[in-house]
Amino acid sequence: MKKIYLSLMLLGALTFTSCDMDKFPYGSLDENTAVSEMQDLTKFRDQLYGTLRGVTAGSWVYTTDIQLDHFIGLVTNGNILGMFSTGTILPTDGDIEGFWASSYSSIATCNAILAKCDEFAAKPDLSANDKVLIERYKGEAKFTRAYMYLWLADHFCQSYTQVKGGPEAKATGLPIVTTYNPTSDVTKYPSRSKLKETFDLINKDLSEAYTALKAYEATDNKDVAALLQPCAIYLSSYAVEALQARVALLTGDWATAKAKAEDVIENGNYSLANTSNYKEMWEDENSSEPIFRPFMSSPSEIGGSTGGLFLSDNQKSAQYIPTFGTVLSYAESDKGSDVRFDAFFTEYENIDIDGEGFDSYVFNKYPGNDALKVGQTKNFVNMMKPLRLSEMYLISAEADARLGNNNPARLNEFCANRYSGYETHTYENVRELLDDVLEERNKEFIGEGMRWSDIRRLNIGFQRYKSNPDEDGYPIYSQVVLSADGIVYDAGDHRLTWPIPKGELDSNPNLKGQQNPGY
C-alpha cells in the first residue's frame, strides 16, 4: 500500500509501465507553492489530461489483447509481454505492479485537485465564471478518478456480473481512497471494499461529473462549441455519458446502458465513420466518430506507442502478429466486404527471422502519426480514441437484445457503415441478434482492450487459433512462440482477473487474505 501513499506522484512525474512506453504528464506543478491563483489551478488541472493521455494508449490498451486470442508472439520478440501471452501471470511481475501503482498515483492526482478546487471555491473574491470553472475542473477530476477505478476494477477484480458471492461479497472490490492524505501509518491503509462499493463510487463520480460538465456547457464560454464536436480534446457531458453506458454494460444495467448510449447517438454531434472513410479514422486521425480524443503533441505531450508492438519502421520485424484465424474472420464474411480488413491489417513481405524472410499479415490499426514522431524514426504513436460512437451503437443494440427487444435497427445501421454491400438483416430471435452484436464488438474493438471486458462479463473462455503454417499458407506461423500457440482459457479462468501485486500485499497488512482466487 506504500505505492498508494508514499509514491503519490501528484505533483511530479506520473509514470506508465511496460517497455519503452513510459510517459509523463505535462505541466507538473509543486503543490505548496504553485497553486495560488486561478490560472495556476487551471494549469494544475492539465495533469488530468496528462493522465488520460497516458492511460488510453500503449500498454494500457494492448496488454489484455496480448493475453487473449487475437495475437501470437514471434520467437524474435525477446519475450516482451511473454507472461501475458503464455498465461503465466504472477503477482510479482513488474507490469502488474506498475499498472496498480500508476493507477493509484492517478487517483491521488484527482483527489488532490478536488481538494484544491474546494479550497479555491471557498475564496470570497471569486467571480461567477471562476466558480463555474472550478465546478468544471471538479467534474473532470471525478471523471478521471472514475475512469481509473473502472480500469482497476476491470483488471484486478472479478467481473461484476460473475464475481463469486455477488458484488456485495466482502473484499471483492478495490481499496478506496477519495482524499489526498499521504501517510506511512499502515493502520490507516484501506482494505478491499465490496465490489458494489467500488462501482457505487464510480457511478457517483460520473453522475457528478455529468452535472458539472452539463452546467459548463450551458454557459456562453467560447470553448463550449468545441467540447461538443467530434475529436474533442476536453471532456464533455457526452464523454461522461459514453463512459456511463460502458459501466452500465459491465454491470448488466441494460436500461441505463440503453438510455445513455441513445442520448449520445441522438443528441450529440457525432456520426459513424463509413465504408469510404473508416480507414482514415486510424490513418489521418480525423473522424466524425470519436467523442473524446486526448490531445497529443510532439515531443512532450504524446502517449505510449500503441502500434510499436505490431509494426516496424523498416517492415522487417514484428513482436506480435495476428493469428491466421483472426485475419480470416475479417477477410471472409457473409455480410459483405468488411472495411476493417484493410483498415486493421497489412502485409509485410520480408520479416527477418534468423536471416530468413517471411511474408505475414501485421496489425495496422495504429500505423503511427508522423506529426507525433520524436526524431526521424516512426514511433507508431497515434491519437487515441477511447470513446467512440460505434461503441454506443453496439451497446444500444446489445441492450435491446438483453431487454428482450428483437430490434436490429442500431446493429443494421452500424453494419451498413462497416460492410460494403451490406443488406438489412432481420433476426428470428433475440439470441441471434445478441450473438451478432457480440461478434461485431469482437471485430470492431480489436486492439482496444475491450475483448477482455467482454470475455469476463460474459463468462466465456477462448482458444487461441492453433498455427498451421502448411495449411494456412504462411510459413511465418512456424516461427511463433510454441508455449503460447493455441492456448486455452476455460470460462471463469482465474487468470482473467489479475493478481493484487505482491508488493502491495506485503506493505499493507489490511490486505491480508484478500488476494484474488487462484494466486
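In this report, we go over the structure that sits alongside the text.

Points about the pairing of strand E6 (residues 356-363)
Across 7 bridges, the pairing between strand E5 (residues 345-353) and E6 is antiparallel. Paired with Asp352 across the bridge in E6 is Gly357.

Some thoughts on the nonpolar core
Burial of nonpolar side chains together is a common tendency in soluble globular proteins. Counting residues in each nonpolar core, the largest one holds 151 residues, and the members touching the most others are Phe143, Phe156 and Met392. By residue number, the principal contributor to this core is helix H7 (residues 128-156), which donates 14 residues. Not counting chain neighbours up to four residues away, the residues in contact with Phe156 comprise Ile96, Phe99, Trp100, Trp151, Leu174, Arg192, Thr497, Trp498, Pro499, Ile500, Pro501 and Asn516.

Thoughts on helix H15 (residues 389-402)
In this model, H15 (14 residues) spans 20 Å end to end at C-alpha, consistent with the 20 Å of a helix rising 1.5 Å per residue. Where burial is concerned, most of H15 is hidden: 13 out of the 14 residues are buried. Count one or two residues on from H15 and you reach Gly404, which has phi positive near 85°.

Digging into the packing of aromatic side chains
Tallied over the entire structure, the rule returns 38 aromatic pairs. A cation sits over an aromatic face here: Arg136 above Tyr234, 5.6 Å from the ring centre. Against the face of Tyr210 rests Lys260, its NZ or CZ located 4.9 Å from the ring centre.

Topic: helix H10 (residues 237-251)
Over its 15 residues, H10 runs 21 Å from end to end, which matches the ideal 21 Å to within 8%, given 1.5 Å per residue. The N-cap of H10, judged by a side-chain oxygen 3.2 Å from the amide nitrogen of Tyr238 a few residues on, is Ser236. Taken from the residues just after H10, Gly252 is the one with a positive phi, measuring 75°.

Some remarks on the side chain of Lys443
Counting through the fold element by element, Lys443 comes out in helix H17 (residues 430-444). According to the relative accessible area criterion, Lys443 is buried, its value standing at 3%. At 3.2 Å, the side chain of Lys443 forms a polar contact with the side chain of Tyr419. If sequence neighbours within four positions are ignored, Lys443 has contacts with Ser329, Tyr330, Ser333, Asp338, Arg340, Phe344 and Tyr419.

Structural notes on empty space enclosed by the protein
With the rule as written, the count across this model stands at 3 cavities of 30 Å³ or more. Size it by volume and the largest cavity reaches roughly 440 Å³. Along the wall of the largest cavity there are 28 residues; nearest its centre are Tyr147, Arg246, Glu448, Gly449 and Met450. Elements supplying a minimum of two residues to the lining of the largest cavity: helix H4 (59-67), H7, H10 and helix H18 (450-458). Looking at the lining of the largest cavity, the element that brings in the most residues is H7, giving 5 residues. Class assignment of the residues belonging to the lining of the largest cavity gives a composition of 16 nonpolar, 5 polar and 7 charged. Estimated volume of the second largest cavity: approximately 70 Å³. Looking at the second largest cavity, the residues that line it are Ala153, Asp154, Ser159, Tyr160, Phe199, Leu250, Ser453, Arg456 and Arg457. Listed by contribution, the elements that provide at least two residues to the lining of the second largest cavity are H7 and H18.

Regarding the side chain of Ser287
For Ser287, the position within the fold is in the loop between helix H12 (278-283) and strand E2 (290-292). Ser287 sits in the buried class, given a relative accessible area of 17%. Polar contacts involving the side chain of Ser287 include one to the main-chain amide nitrogen of Glu289, which spans 3.2 Å. Filtering out sequence-adjacent residues up to four positions away, Ser287 remains in contact with Pro230, Cys231, Ala273 and Met281.

Some words on the packing of helix H16 (residues 409-416) against H17
With their axes 11 Å apart at the nearest point, H16 and H17 run at an angle of 35° to one another. For the element pair H16 and H17, the recorded crossing hand is left-handed. Note on element contacts: H17 touches H16 through Leu433, Asp436, Val437, Glu440 and Glu444, opposite Leu411, Phe414 and Cys415. When the residues that make up the contact of H16 with H17 are grouped by side-chain class, the tally is 5 nonpolar, no polar and 3 charged.

Here's the deal with the packing of helix H11 (residues 254-267) against H15
Where H11 contacts H15, the two axes come as close as 8 Å, and the packing angle between them is 145°. For the crossing formed where H11 meets H15, the hand is left-handed. Counting all contacts with H11, which are made through Trp254, Ala257, Lys258, Ala261, Glu262, Val264 and Ile265, the residues of H15 involved are Leu389, Met392, Tyr393, Ile395, Ser396, Glu398, Ala399, Asp400 and Arg402.

Focus on the pattern of salt bridges
Oppositely charged side chains are able to pair whenever their charged atoms sit close together. Scanning all chains against the criterion turns up 42 salt bridges. The residue Arg136 makes a salt bridge to Glu140 at a minimum N-O spacing of 3.5 Å. Taken as a pair, Arg136 and Glu140 lie in helix H7 at a separation of 4 residues, close to a single helical turn. Relative accessible area serves as the criterion here: at 3%, Arg136 is assigned to the buried category. Between Lys142 and Glu208 there is a salt bridge, and its shortest N-O distance comes to 2.5 Å. Highlighted residues: Lys142 in helix H7 and Glu208 in helix H8 (residues 195-217), separated in sequence by 66 residues. On the accessibility criterion, Lys142 (15% relative accessible area) is buried. Take Glu208: its relative accessible area is 27%, and that puts it in the partly exposed class. Several salt bridges share partner residues, and in doing so they unite Glu289, Lys335, Asp338, Arg340, Lys365, Arg388, Arg418, Asp436, Glu440, Lys443, Glu444 and Glu448 into one network.

What counts as what
- All residue numbers refer to positions counted from 1 along the written sequence of the respective chain.
- Whole-chain, interface and lining totals are the exception, using all residues; otherwise, since this is a predicted model, local features are given only for residues with pLDDT of at least 70 and side-chain atom pairs are given and counted only at 80 or more.
- Each side-chain value is worked out from all heavy atoms of the structure, with water and hydrogens disregarded.
- For two strands to pair, DSSP has to find at least two bridges joining them.
- Counting from the N terminus, the helices are DSSP H or I runs at least four residues long and the strands are E runs at least two residues long.
- Nonpolar cores are built from buried Ala, Val, Leu, Ile, Met, Phe, Trp, Tyr and Cys residues. Side-chain atoms within 4.5 Å join them into one set.
- Think of it in three bands: with a 1.4 Å probe and only protein chains considered, a residue is buried below 20% of the maximum accessible area for its type, exposed above 50%, and partly exposed in between.
- Contacts were defined at the residue level, with two residues in contact if any of their heavy atoms lie within 4.5 Å.
- Multiply 1.5 Å by the residue count of a helix minus one, and that product is the helix's expected span.
- Pairing of aromatic rings covers Phe, Tyr and the six-membered ring of Trp, with a centre-to-centre limit of 6.5 Å; geometry is then stacked below 30 degrees between planes, edge-to-face above 60, and tilted otherwise.
- Two conditions define a charge located above a ring, namely a distance within 6 Å from the ring centre to NZ of Lys or CZ of Arg, and an angle within 35 degrees of the ring normal.
- Identification of polar contacts relies on pairs of N or O atoms within 3.5 Å, with a donor-acceptor requirement for protein atoms, meaning one able to donate a hydrogen and the other able to accept it, and with residues adjacent in sequence counted only if both atoms are side-chain atoms.
- Residues are called lining when one of their atoms sits within 4 Å of a cavity or pocket point, these points coming from a 1 Å grid over the protein atoms alone, where a cavity is a set in which a 1.4 Å probe fits but cannot get out and a pocket is an open set with protein on both sides within 12 Å along at least five of seven lines.
- Grid points are joined across faces, edges and corners, and a volume is the space filled by probe spheres set on the points.
- Three categories are distinguished: nonpolar for Ala, Val, Leu, Ile, Met, Phe, Trp, Tyr, Cys and Pro, charged for Asp, Glu, Lys and Arg, and polar for the others, with Gly belonging to the last.
- To get an axis, fit a line to the C-alpha atoms, keeping to the stretch in contact for a helix; angles then go from 0 to 180 degrees between the N-to-C directions.
- Helix crossings get a hand from a simple test, with the near helix turned counterclockwise from the far one by less than a right angle marking a left-handed crossing and a clockwise turn marking a right-handed one.
- The working definition used for a salt bridge is a side-chain nitrogen of Lys or Arg within 4 Å of a carboxyl oxygen of Asp or Glu.

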